[in-house]
Amino acid sequence: MVAANSTAPLSITLRVWRQAGPNQPGQFVDYQSKDLSPNMSFLEMLDVVNDQLTAKGEEPIAFAHDCREGICGTCSCTINGKPHGPGKGVATCQVYMRSFRDGDVVTVEPFRAAAFPVIKDLITDRSAFDKIQQAGGYITARAGSAPDANAIPVPKPDADLAMDAATCIGCGACVAACKNASAMLFVAAKVSHLGLVPQGQAERDKRVLAMVSTMDELGFGNCTNQYECSAACPKLISHDFIARLNRDYFNASLRASFQPESQSTGGGAG
Amino acid sequence: MNPVGFFFRSSIGRKILMAVTGAILIGFVVGHLVGNLQIFSHPDKINGYAQFLHQLGPLLWVARIGLLVAVVIHIWAATVLTLENRRARGPVPYGFKHTIRATLASRTMRLTGYVVLAFIVYHLAHFTLGAAQSGTFKANLPKYTMAQDYAVAGFPVVKAGTQVDDVYSMVAHGFQSPAVAIFYIVAVGLLSFHLLHGFDSLFQTLGWRTHRWAGALRAAAVAFCLAYFAGNLAIPGAVLAGKVKPRAVAAATR
Amino acid sequence: MATLDSKVPAGPLADKWRKHKADIKLVNPANKRKYEVIVVGAGLAGSSAASSLADMGYKVKNFVFHDSPRRAHSIAAQGGINAAKNYQNDGDSVYRLFYDTIKGGDYRAREANVHRLAEVSVNIIDQCAAQGVPFAREYGGLLANRSFGGAQVSRTFYARGQTGQQLLLGAYSALMRTVGQGLVELHTQSEMLDLVIVGGQAKGIVVRNLVTGAIERHAADAVVLATGGYGNVFNLSTYARGSNTTAIWRAYKRGACFANPCYTQIHPTCIPVSGDYQSKLTLMSESLRNDGRIWVPKKKEDRLKNPAEIAEEDRDYFLERMYPSFGNLCPRDIASRAAKRVCDEGRGAGTSGLGVYLDFSDAIRRLGENGVRERYGNLFDIYHEITAESAYKTPMRIFPAVHYTMGGLWVDYNLMSNVPGLFVLGEANFSDHGANRLGASALMQGLADGYFVIPYTIGDYLATQKPGSRPSADGAEFKGAEENVRAMTKRFLDSKGKQPVSHFHKRLGKIMWEFCGMARTKDGLEKALQQIPALREEFWASVCVPGSAETMNQSLEQAGRVADFLELGELMCRDALTREESCGGHFREEHQYPDGECKRDDEKFAHAAAWEYQGAGKTPLRNVEPLNYEFVKMSVRNYK
């Protein structure tokens, strides 16, 4: 994404989605942003615009951001139709103004998905991801109950692949990029990460069934194998994990349907 | 939950139904094409083949009902998934629309699907029910007398001398109308395009696709769709080019 | 005057924690559900504490200002987590980790706490592996280790360059599990704005819902703060933009002592500042120092030359020269100061003169470009994103930046502050790192506090509270705290100034960096103590906070945080001024050896300074907790 290392300043027209609150009508508003250093980050450019708006007594543009180094997953704009803007494998906070040309009109919108309602301007509510996690995105291991870390060896290829999946920053770009606002890449990454390590086997079937069913309930769309998600993913998580999720789900649902289960209603001794 | 719940109510389950019914329908259209390509041989072949299929009786109906169920499930799943997908985008669409890498085939599945559905309806009306172009429907053409035995896997299933429907001539008559032939070509073209995404996609949905062989799979899908289209283009093409003619006409000009 | 009783148990160092666990009071399982605990923050310490307490049976409420607990800044830690596992059979032990940490902290940490940290470090790795954290593995399937600054053994566990992320996701997944099970009530986008004290004990908090603007009161039997560090007082730092001091600062103003606020860690390997607009400094993991060599030109006139054109003999590998036995892997404070020294000599690289080279050409020769890519690929990518330069081709330019604050609220051995019922975990407390933190120890402390310390020690306090004695959130103290918050909000919104909040934050940052940064002087600190109150006055007179209090309002959030920084900055300078010695991250130019190393004064300053708030406009009280080193001899830190 990095263009020639030019230092000539540039000016752009920002076309930003402004929406005062949830369920309120929104609209695009144009702002001129002038004399920008190409080494400035996109969010720093928004900071400058906001300071100018504040000085004029106007409300600054609300946008989500925090770590500004591409790892927390807070930042979330769609820039010129692509979540996290131009460039491959970066979050919005890692977009630099050198990716734009002098005179460009840059359209900035919130992530669009029914499951991510807009809170204000460019900020959406992504708590749906937390709910999917609550349904099963974990390996139950109470503190104090763990065996020695080297007691269960994990083959390096499995650990590496699990790590590939685990790099997900939970930003929601996959949902925003998907033509159907599907959360499959997110769920696939979680299910694969936890399903690839031996510690995650006990809850594997329960996990995939619960997470997929919660994902469905929350109003995300369905995967049509177009791979927009993995192209927009700031961590470039592969849609191979979606194939893996599909297979996991298929196997788990067969087992859940046909495997014998205990008839006992519980109750301990004594 | 029970299997019905898993496969008919969940997003992935319905996708799996799409993939499985899609695979069945791909199998059918391939078999159908291979059978029809016998038109390039002696009329005995395709007419004997048609007669053989009719002789299957109840088995034919099992296959037909199976295919019908596959089509219905495929369309039902597509409809439900599409409606959900629309809802999932939310009340406000993107102001700036952009596609990163979704293929045209994948983005036009609904459109190509409609055309294919219309085509199937016409195709059945044309060659199975005789509702379209009934004048040249097989039931209304003179019977054809088999010159030789028609054998399947070495077993003669239709004896020489049997009077059978003249499917060969019906097809040739049908495609002599350029409008019909062109509609047919466009429709199978769109069907091939539909399959271009469908073929690739079903491996992903069934969980068999990984980046290790995704390239080869894609190449196979493209080759398959091109071959399928070429095969389907050949039949009306040959009729339009005068290479295949109705039997009666052929006799008259000899 | 606050009483600072460290409650360190008697007995041999290695037995203290075991013995303490056996001695402290327990809450019986049926009673646990009658207690409610508020946990503020959901980084490593907060989410591990919340989930662990919930698993034990306590009712837990967790508050985060982020939109999800997973966003806490622990997620950004790159390099790794230390543990005395000795899996490499290279002579590591609990004692050695303890000793390295004490020494790394320049003998300003509490011995017993640090030893406990080293003890439980081994359990942390077990716990995280059981949660499915994808640590780096060797081909045999066993855990891999790397080495880190300040240690001569390989004891650092890691997950590529995203260790913090993976550990946080582990803790977050446990938190999500307990939320899903109904054991934890999760309040996201809720910022704690005041602590409620009832009868001298911490019994609740007041929060602002950042989405609706609603001010809420929450009562509990105990309050746990795990709200991270306050390095953003410098404006430019490696912290997330949202990281703030508000929770601990408001607790300070309610009586909790703030210990050693001046202990700030400056990380040596960050990407240098490029312009005024800059909002953030990006860290390049310390792990890079395993294979990268740090140098500057020997001659000033080579400063602007293309580094490739500077001959080997004209390069000064200053860390290797000054500290031959630790070389590029000496502790952070030492490496940072050495970089500052060579830049002050005018040999810094680049136009600003504020940068040193971190060169991988030797490593690339040794390991090949792919070998280097495998170890550090993502860091090289980050560097490329920001600077548009490839570190495979040309050396990185790096410069120190504020990275961590060792100071924080004072806590005893149970991690309870001087306010009964108020517990403080992780970076928010002051306890384990002394005057300097070693690399890969922050993650260790956060998880140690949350998984293995607070679950035991909170019982010691709760057992003294009658079940069901929790006050109502409608009490006078709660209403008073709410009024306090509302008044502050109103004051911001009524301010008729013209300047955005960021304007003041930047100016404060410049003052702090200049006078309370890597090197401090009496004169400078006195100057800062003049300038900061003046800036604060200007802030209140001319800040502009648009919008309303009844909706999401990021300007308002920011104003509250910067207002607190403007007060904290003054306290930091005051602390730095009174600590007439150099130790770890606190370097007073008046107190140094001829070679520029820190000169401690163990006679006068072998103590933690815990500041007690005395009211607005009044000089805070400096309380002292002496550090009695029973087991380790305080000596001059030597990494040569």
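Source: prediction; values computed, not measured. (Residues numbered from 1 in each chain as written. Chains lettered and ligands numbered in written order. Predicted model: local features only at pLDDT ≥ 70, side-chain atom pairs only at ≥ 80, totals over all residues.)

1. Looking at the overall build of chain C
Next, step 1: Looking only at helices and strands, chain C features 16 helices and 19 strands.
Next, step 2: With the C-alpha coordinates aligned to their principal axes, the bounding extent of chain C is approximately 75 × 60 × 50 Å.
Next, step 3: Of all 640 residues assigned to chain C, the portion counted as buried reaches 62%.
Next, step 4: Residue pairs at least 24 apart in sequence account for 74% of intrachain contacts in chain C once pairs closer than 6 positions are excluded. (Helix = DSSP H or I, 4+ residues; strand = E, 2+ residues; numbered from the N terminus. Buried ≥ 20, exposed ≤ 12 C-beta atoms within 10 Å, placed from the backbone. Contact = placed C-beta atoms within 7 Å.)

2. Quick word on the overall build of chain B
Next, step 1: A tally of helices and strands in chain B yields ten helices and four strands.
Next, step 2: Ordering the α and β elements of chain B from the N terminus gives α-α-α-α-α-α-β-β-β-β-α-α-α-α.
Next, step 3: Burial status across chain B gives 33% buried among its 254 residues.
Next, step 4: Within chain B, contacts between residues at least 6 apart in sequence are counted, and of these 72% link residues at least 24 apart.

3. Thoughts on the interface of chain C and chain A
Next, step 1: Counting residues at the interface gives 67 residues for chain C, matched by 68 residues for chain A.
Next, step 2: For the side of chain C that touches chain A, the secondary structure elements donating two or more residues are helix H3 (44–56), helix H5 (111–130), helix H6 (163–180), helix H10 (361–387), helix H11 (442–462) and helix H15 (554–578) of chain C.
Next, step 3: Looking at the side of chain C that touches chain A, its residues break down into 27 nonpolar, 27 polar and 13 charged. (Nonpolar A, V, L, I, M, F, W, Y, C, P; charged D, E, K, R; others polar.)

4. What about the environment of B:Leu196?
All names here are of chain B.
Next, step 1: Among the secondary structure elements, leucine 196 is positioned in helix H8 (residues 178–205).
Next, step 2: Leucine 196 sits in the buried class, given 24 other C-beta atoms within 10 Å.
Next, step 3: It is 5.9 Å that separates the C-alpha atoms of leucine 196 and alanine 221, two residues lying 25 residues apart in sequence.
Next, step 4: Not counting residues within four places of it along the chain, the set of residues in contact with leucine 196 comprises Ala105, Ala221, Val222 and Cys225.

5. Thoughts on the confidence of the model for chain C
Next, step 1: Across chain C, the average pLDDT comes to 95, with 100% of residues at 70 or higher.
Next, step 2: Here the prediction assigns the complex a pTM of 0.95, and the interface score ipTM is 0.96. (pLDDT = per-residue confidence, 0-100.)

6. Focus on the interface of chain B and chain A
Next, step 1: Each side of the interface is counted separately: chain B has 37 residues, and chain A has 43 residues.
Next, step 2: Elements represented by at least two residues in the side of chain B that touches chain A include exactly helix H1 (3–9), helix H2 (11–36), helix H4 (58–89) and H8 of chain B.
Next, step 3: Here the side of chain B that touches chain A takes six residues from H4(B), the largest share from any one element.
Next, step 4: Across the side of chain B that touches chain A, the residue classes tally to 15 nonpolar, 15 polar and seven charged.

7. Some points on the pairing of strand S2 (residues 59–63) of chain C
Residue and element names in this part refer to chain C.
Next, step 1: By the criterion of burial, S2 is predominantly enclosed, with four of the five residues buried.
Next, step 2: Examined bridge by bridge, strand S1 (residues 36–40) and S2 share five bridges and lie parallel to one another. Bridge pairing links valine 37 to valine 60 in S2.
Next, step 3: Crossover handedness for the path S1 to H3 to S2: right-handed.
Next, step 4: Bridge analysis of S2 against strand S5 (residues 184–187) gives four bridges, and the strand direction is parallel. (Pairing = 2+ DSSP bridges. Right-handed = clockwise from strand over helix to strand, strands pointing away.)

8. What to know about the sheet that holds S5(C)
The strands making up a sheet associate through hydrogen bonds between their backbones, and the pairing can be parallel or antiparallel.
Residue and element names in this part refer to chain C.
Next, step 1: Strand order in this open sheet of five strands is S5-S2-S1-S9-S17, and the pairing throughout is parallel. In this open sheet, the two strands that pair with only one neighbour each are S5 and strand S17 (422–424). When the angles between neighbouring strand axes are averaged without regard to direction, this sheet yields 20°. (Axes fitted to C-alpha atoms, helices over the stretch in contact; angles between N-to-C directions.)

9. Focus: the domain arrangement of chain C
For an interface, size is often stated in terms of accessible area lost upon the parts coming together.
Residue and element names in this part refer to chain C.
Next, step 1: Per the domain assignment, the segments making up chain C are domain 1 (13–263 + 406–462), domain 2 (267–402) and domain 3 (479–605).
Next, step 2: Computed from C-alpha atoms alone, the centre-to-centre distance between domain 1 and domain 2 is 32 Å.
Next, step 3: Listed by partner, the interface residues are 20 residues for domain 1 and 24 residues for domain 2. (Domains from an automatic or database assignment.)

10. With respect to the sheet that holds strand S19 (residues 621–626) of chain C
Residue and element names in this part refer to chain C.
Next, step 1: Read from one edge of the open sheet, four strands run S16-S10-S18-S19, paired in antiparallel fashion. The sheet is open, and its two borders are formed by strand S16 (408–409) and S19, each paired with just one other strand.
Next, step 2: Strands strand S10 (258–259), strand S18 (607–612) and S19 of the sheet are contacted by H15, whose axis makes an angle of about 145° with S18.

11. Topic: the confidence of the model for chain B
Close inspection of predicted coordinates is inappropriate in any region flagged by low pLDDT.
Next, step 1: Mean pLDDT over chain B stands at 92; residues scoring 70 or higher make up 97%.
Next, step 2: A low-confidence stretch, residues 249–254 of chain B (pLDDT under 50), is modelled with one contact involving residues beyond four sequence positions or located in other chains.

12. Here's the deal with the packing of helix H7 (residues 167–176) of chain B against helix H9 (residues 211–240) of chain B
Residues and elements named next belong to chain B.
Next, step 1: Contact pair H7 / H9: the axes reach a minimum separation of 8 Å and the direction vectors enclose 75°. One finds that H7 runs roughly perpendicular with respect to H9. For the pair H7 and H9, contact is made by Val171, Ala172, Phe175 and Gln176 and by Ile235, Pro236, Val239 and Leu240, respectively.
Next, step 2: For the contact of H7 with H9, a count of residues per class yields seven nonpolar, one polar and no charged. (Parallel < 35°, antiparallel > 145°, perpendicular 65-115°, else oblique.)

13. Considering unusual backbone geometry
Residue and element names in this part refer to chain C.
Next, step 1: The phi dihedral of arginine 160 falls on the positive side, at around 45°, and the residue is not glycine.
Next, step 2: Turning to its location among the elements, arginine 160 is positioned in the loop between strand S4 (156–157) and H6.
Next, step 3: Using a count of 22 C-beta atoms within 10 Å as the deciding quantity, one classes arginine 160 as buried.
Next, step 4: The backbone of glutamine 189 sits at a positive phi, close to 45°, despite the residue not being glycine.
Next, step 5: With respect to the element layout, glutamine 189 can be found in the loop between S5 and strand S6 (190–198).

14. Description of the environment of A:Ala8
All names here are of chain A.
Next, step 1: Residue position: alanine 8 is located in the segment before strand S1 (10–19).
Next, step 2: With 8 C-beta atoms packed within 10 Å, alanine 8 lands in the exposed category.
Next, step 3: Taking the C-alpha atoms as reference, alanine 8 lies 9.9 Å from asparagine 39; in sequence the two are 31 residues apart.

15. Digging into the environment of C:Ser154
Residues and elements named next belong to chain C.
Next, step 1: For serine 154, the location among the structural elements is in the loop between H5 and S4.
Next, step 2: Residue class for serine 154 comes out partly exposed when judged on the 18 C-beta atoms lying within 10 Å of it.
Next, step 3: Residue contacts for serine 154: discarding those within four places in its chain leaves Gln88, Asp90, Asn145, Arg146 and Ser147.

16. Quick notes on helix H6 (residues 109–129) of chain B
All names here are of chain B.
Next, step 1: The first and last C-alpha atoms of H6 sit 28 Å apart over 21 residues, in line with the 30 Å expected at 1.5 Å per residue.
Next, step 2: Within H6 the residues assigned to the buried category are Met109, Thr112, Val116 and His126.
Next, step 3: On the buried face of H6, the contacting elements are helix H5 (104–107), H7 and H8.
Next, step 4: After H6 finishes, the residue glycine 130 shows a positive phi value of roughly 80°. (Expected span 1.5 Å × (residues − 1).)

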